[in-house]
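# Structural characterization, general
These are the residues of each chain, in order.
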Amino acid sequence: MTVQARFDTHDIFNQSPPYEDVDLFASDRPLRDAAEANGAGAEAKALSEFGRHWGAAAMFDAARLANENTPKLKTFDTRGFRRDVVEFHPAYHGFMAESMRAGLHASTWASDGTRAPAPSEVARAVRYFMIAQVENGHMCPITMTRACVGALAVEPSVLQKLIGKITSRTYDPSFRPWWEKDSITLGMGMTEKQGGTDVRANTTTAMPASDGYTLTGHKWFMSAPMCDAFLVLAQAPGGLTCFLLPRFGPDGSVNGVHFQRLKDKLGNRSNASSEVEFAQAFAWRVGEEGRGVRTIIEMVQLTRVDCVISSAGMMRMALAHALHHARHRTVFQKHLSDQPMMRNLLADMALEVEGATALTMRLCRSFDEARSDPTEAARARLLTPAVKYWICKTAPAFIYEAMECLGGNGYVEETPIARLYREAPVNAIWEGSGNVMCLDVLRALSREGEAARTVLQDLVRGCGGLAGAKDAAGSIARTLSAPDGEARARTAVEKLAMLAATAALTESVPVIAECFARARLASPRGGTFGTSDLPQSEAVELLNRALPQ
Ligand SMILES: Cc1cc2nc3c(=O)[nH]c(=O)nc-3n(C[C@H](O)[C@H](O)[C@H](O)COP(=O)(O)OP(=O)(O)OC[C@H]3O[C@@H](n4cnc5c(N)ncnc54)[C@H](O)[C@@H]3O)c2cc1C
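Figured I'd write up the structure that's included with this text. (Residues numbered from 1 in each chain as written. Predicted model: local features only at pLDDT ≥ 70, side-chain atom pairs only at ≥ 80, totals over all residues. Heavy atoms only, no water.)

In terms of helices and strands, the protein carries 19 helices and eleven strands. The globule rule puts the C-alpha radius of gyration for 549 residues at 24 Å, and the 24 Å found for the protein is close to it. Taken along the three principal axes of its C-alpha coordinates, the protein extends 75 × 70 × 40 Å. Counting across all 549 residues of the protein, residues that qualify as buried make up 58%. Of all intrachain contacts in the protein linking residues separated by at least 6 positions in sequence, the fraction that spans at least 24 positions is 73%. Taken together, the 60 basic and 62 acidic charged side chains of the protein have centroids lying 2 Å from each other. (Helix = DSSP H or I, 4+ residues; strand = E, 2+ residues; numbered from the N terminus. Rg over C-alpha atoms; globule rule 2.2 N^0.38 Å. Buried < 20%, exposed > 50% of the residue type's maximum accessible area, 1.4 Å probe, protein only. Contact = heavy atoms within 4.5 Å. Lys, Arg positive; Asp, Glu negative; His and termini not counted. Charge placed at Lys NZ, Arg CZ, Asp CG, Glu CD.)

Listed below in structure tokens is the structure:
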């Protein structure tokens, strides 16, 4: 008996070993299948190396440290001069360096800022999916940096100035003018006190000045405040306009960006989210005056996809913990995983993760193929909000259920499930909350018309006659085109995401697609996980795929 396993009063047994030092890619069959089906199969070896690295015990511990030691705002120095800097724990900087070295902030862009060839989106998404299982907070600036390039494309003079620093794979956290740095990161500030969804209500003003504009106003949320520049919206003489606001002005002086405080957040604690005022801050215009919303759309689509990947990854990690624990924990002389009700619950959860994983990677493939295939472009536009709605909304309840599988151990901070549970809701709230996603699906349907109908037909065709697919498509079309379609949109959008998940699974694992169609489209489960009717053989198959024994 080891020293740790023996106390004066009792022995320690029937506890599951830590879930760490795992290969997050090789141990995840649904992820491997989705990577293969969507074009990233050739990278399997590199992805497995990545999975081993991120699945190491040291990474999980660094994630704990980065979230326990939250960022601190230093507004002034001891002599009362403004500093407006935020200090992070070394573990946070470590994650930034890791993710930038792996290109998560830029690998989908070529060195001139155009799109990198396929499968850059899927290959990045598979890596992100694994990172999300370990540490999500630092991915906020990583996500925004890669997404901002999409918006900067409309202003080539600004993009060309910065693209070399954006695509650099070295992390440079120093607080210096962008042109002196090895690399830069980008953030964004759209939300103001009086409106987040309704950005047209922005009150920040922008006045033309030499070389650019000066901005005066505030932002109620501006995350990752140590980024080197921020995409912001402001009212210019010609209307709501997009700008890029650097931390330093062209003369090298600190720009008028004054942090008021940092938000005290439920989760996402390794990341800082600031409230900020702009005092005659210098900024470059991005896109024409009055075209601000149109300019940021491209960026917003990309940040939404990252919310999806992050939530799907967190669901995967919660499932892995639940299943790992249930296989080691004995209750009433049987492993928990062999108790019929627990097995059905875990299998139902594994089925959900199968759908979420396949759908996430299929969506990313649409982004890979959108340039050369208009149907894929329409698919990305219609499905991004639907998939964000479904996966980001499912994650919190899913993670809670995984937590309960660990009993009391799930509720304490030593397992990462508590942190995942606090982290998950933000993906549904930011970058367009649930109702807003449904409104976006309605908008895409009415704007795209024929193209959107083709996407829906493709999804049904893609399901190859599986149970419930045709009926689901009919009901989606009827609900969303009805006079009261907006009020009932949530039901239809959820169904649309599940139809798309079934189609995605049909491409990657047909046998699981059949099970998913039956248990989600033809006879939807009850309000909680574990209410699907899954034959034992299917349950065993799902659990073996989720985590090898
Ligand atoms: C941790 C965190 C970090 C953030 N970081 C940033 C950042 O870096 N940059 C940034 O710009 N923003 C950031 N945000 C802000 C976030 O994007 C907004 O909170 C979000 O867009 C919602 O805006 P709001 O808070 O103003 O809510 P509102 O717009 O008031 O929405 C409230 C609710 O109403 C619903 N709703 C809105 N319109 C309709 C409608 N027409 N019909 C039905 N329902 C509707 C929404 O779905 C939502 O549920 C952050 C938020 C959080 C929580």
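Per the stated rule, a full pass over the model turns up 39 salt bridges. Here Arg64 and Glu68 are joined by a salt bridge, their closest N and O atoms 2.9 Å apart. Here Glu68 and Arg64 lie together in helix 3 (residues 57–68), a separation of four residues that amounts to about one turn. In this structure, Arg518 engages Glu514 in a salt bridge whose closest nitrogen and oxygen atoms are separated by 3.2 Å. Of this pair, Arg518 and Glu514 both sit in helix 18 (residues 510–522), separated by four residues, roughly a single helical turn. Take Arg518: its relative accessible area is 25%, and that puts it in the partly exposed class. Each of the salt bridges in this network shares a partner with another, and the network as a whole consists of Arg115, Glu121, Arg124, Arg146, Glu298 and Asp306. (Salt bridge = Lys/Arg side-chain N within 4 Å of Asp/Glu carboxyl O.)

Moving on, we come to the pairing of strand 6 (residues 229–236). Counting buried residues in strand 6 gives seven out of eight residues, a clear majority hidden from the surface. Pairing of strand 3 (residues 186–189) with strand 6, which is carried by four bridges, proceeds in the parallel orientation. Along strand 6, the bridge assignment pairs Leu186 with Ala229. In terms of strand pairing, strand 6 meets strand 7 (residues 239–246) through eight bridges, oriented antiparallel. For Ala229, the partnering residue across the bridge sits in strand 7 and is Pro246. If you look at the hairpin formed by strand 6 and strand 7, you'll find two residues sitting between the two strands. (Pairing = 2+ DSSP bridges.)

A word on the packing of aromatic side chains. Across all of its chains, the model carries ten aromatic pairs by this definition. Both rings, one in Phe88 and one in Tyr92, keep their centres 4.0 Å apart while their planes meet at 15 degrees; by these two values the pair is stacked. The exposure classification of Phe88 matches that of Tyr92, with both residues buried. Ring pairs connect the aromatic residues Trp178, Trp179, Phe282 and Trp284, which therefore count as one cluster. Here the basic side chain of Lys263 rests over the ring of Trp220, its NZ or CZ set 3.4 Å away from the ring centre. Positioned above the aromatic ring of Phe221, the side-chain terminus of Lys263 is 4.2 Å from the ring centre. (Phe/Tyr/Trp six-rings, centres within 6.5 Å; stacked < 30°, edge-to-face > 60°. Lys NZ or Arg CZ within 6 Å of the ring centre and 35° of its normal.)

For the rest of this paragraph, the subject is the site of the ligand. Surrounding the ligand, one finds 20 residues, the nearest of these being Met190, Thr191, Gly196, Thr197 and Ser223. At 3.0 Å, a backbone N or O of Met188 approaches a nitrogen atom of the ligand. Note that an oxygen atom of the ligand is positioned 2.5 Å from one of the side-chain N or O atoms of Thr197. Coverage of the ligand by the protein chains reaches 66% of its 980 Å² of free accessible surface. For the shell around the ligand, the elements supplying multiple residues, two or more each, are strand 3, strand 5 (212–223), helix 13 (425–429) and helix 14 (434–448). (Near = heavy atom within 4 Å. Polar contact = N/O pair within 3.5 Å; in protein donor to acceptor, adjacent residues only side chain to side chain. Areas by Shrake-Rupley, 256 points an atom, 1.4 Å probe, with all protein chains shown as cover.)

On to the state of the cysteines, then. By the definition in use, this model includes zero disulfides. No disulfide involves Cys148; its sulfur sits 8.0 Å from that of Cys227, the nearest cysteine. The cysteine Cys364 is free of any disulfide, with Cys307 supplying the nearest cysteine sulfur at 12 Å. Its relative accessible area of 1% is what places Cys364 among the buried residues. (Disulfide = S-S within 2.5 Å.)

Here the focus is the side chain of Arg115. Mapped onto the secondary structure, Arg115 falls in the loop between helix 4 (90–101) and helix 5 (120–131). A distance of 2.9 Å separates a polar atom in the side chain of Arg115 from a polar atom in the side chain of Glu298. Leave out the neighbours within four places in its chain, and Arg115 touches Thr108, Trp109, Ala110, Glu121, Glu298, Leu302, Phe367 and Arg371.

Across its 13 residues, helix 15 (residues 450–462) extends 18 Å between first and last C-alpha, which sits within 8% of the 18 Å expected from 1.5 Å per residue. Every buried residue of helix 15 is listed here: Ala452, Val455, Leu456 and Leu459. All buried residues of helix 15 fall inside an arc of 95 degrees around its axis, so they share one side. Turned more than 90 degrees from where helix 15 packs its buried face, Glu450 and Arg461 sit exposed. Where helix 15 is buried, its residues touch helix 10 (374–405), helix 14, helix 16 (469–481) and helix 17 (489–508). (Expected span 1.5 Å × (residues − 1). Arc of directions from axis to C-beta.)

With that out of the way, let us pick up the packing of helix 2 (residues 44–54) against helix 5. The axes of two packed helices give the description: the angle between them and the distance between them. For the pair helix 2 and helix 5, interaxial distance at closest approach is 10 Å and the crossing angle is 20 degrees. The angle between the axes of helix 2 and helix 5 places the two elements in the roughly parallel class. You can see that helix 2 and helix 5 cross each other, and the crossing is right-handed. Within the contact between the two elements, helix 2 uses Ala46, Leu47, Phe50, Gly51 and Trp54 and helix 5 uses Ala123, Val126, Arg127, Met130 and Ile131. (Axes fitted to C-alpha atoms, helices over the stretch in contact; angles between N-to-C directions. Parallel < 35°, antiparallel > 145°, perpendicular 65-115°, else oblique. Left-handed = near helix turned anticlockwise from the far one by under 90°.)

One can expect most non-glycine residues to show negative phi and most peptide bonds to be in trans. Cis geometry is adopted by the peptide bond preceding Pro119, which originates at Ala118 and carries an omega value of 5 degrees. Within the fold, Pro119 resides in the loop between helix 4 and helix 5. The phi torsion at Asp211 lies on the positive side, around 70 degrees, for a residue other than glycine. On the secondary structure map, Asp211 appears in the loop between strand 4 (205–209) and strand 5. By relative accessible area, which is 65% here, Asp211 ends up exposed. For Ala224, which is not glycine, the phi torsion reads 50 degrees and is therefore positive. Relative to the assigned elements, Ala224 resides in the loop between strand 5 and strand 6.

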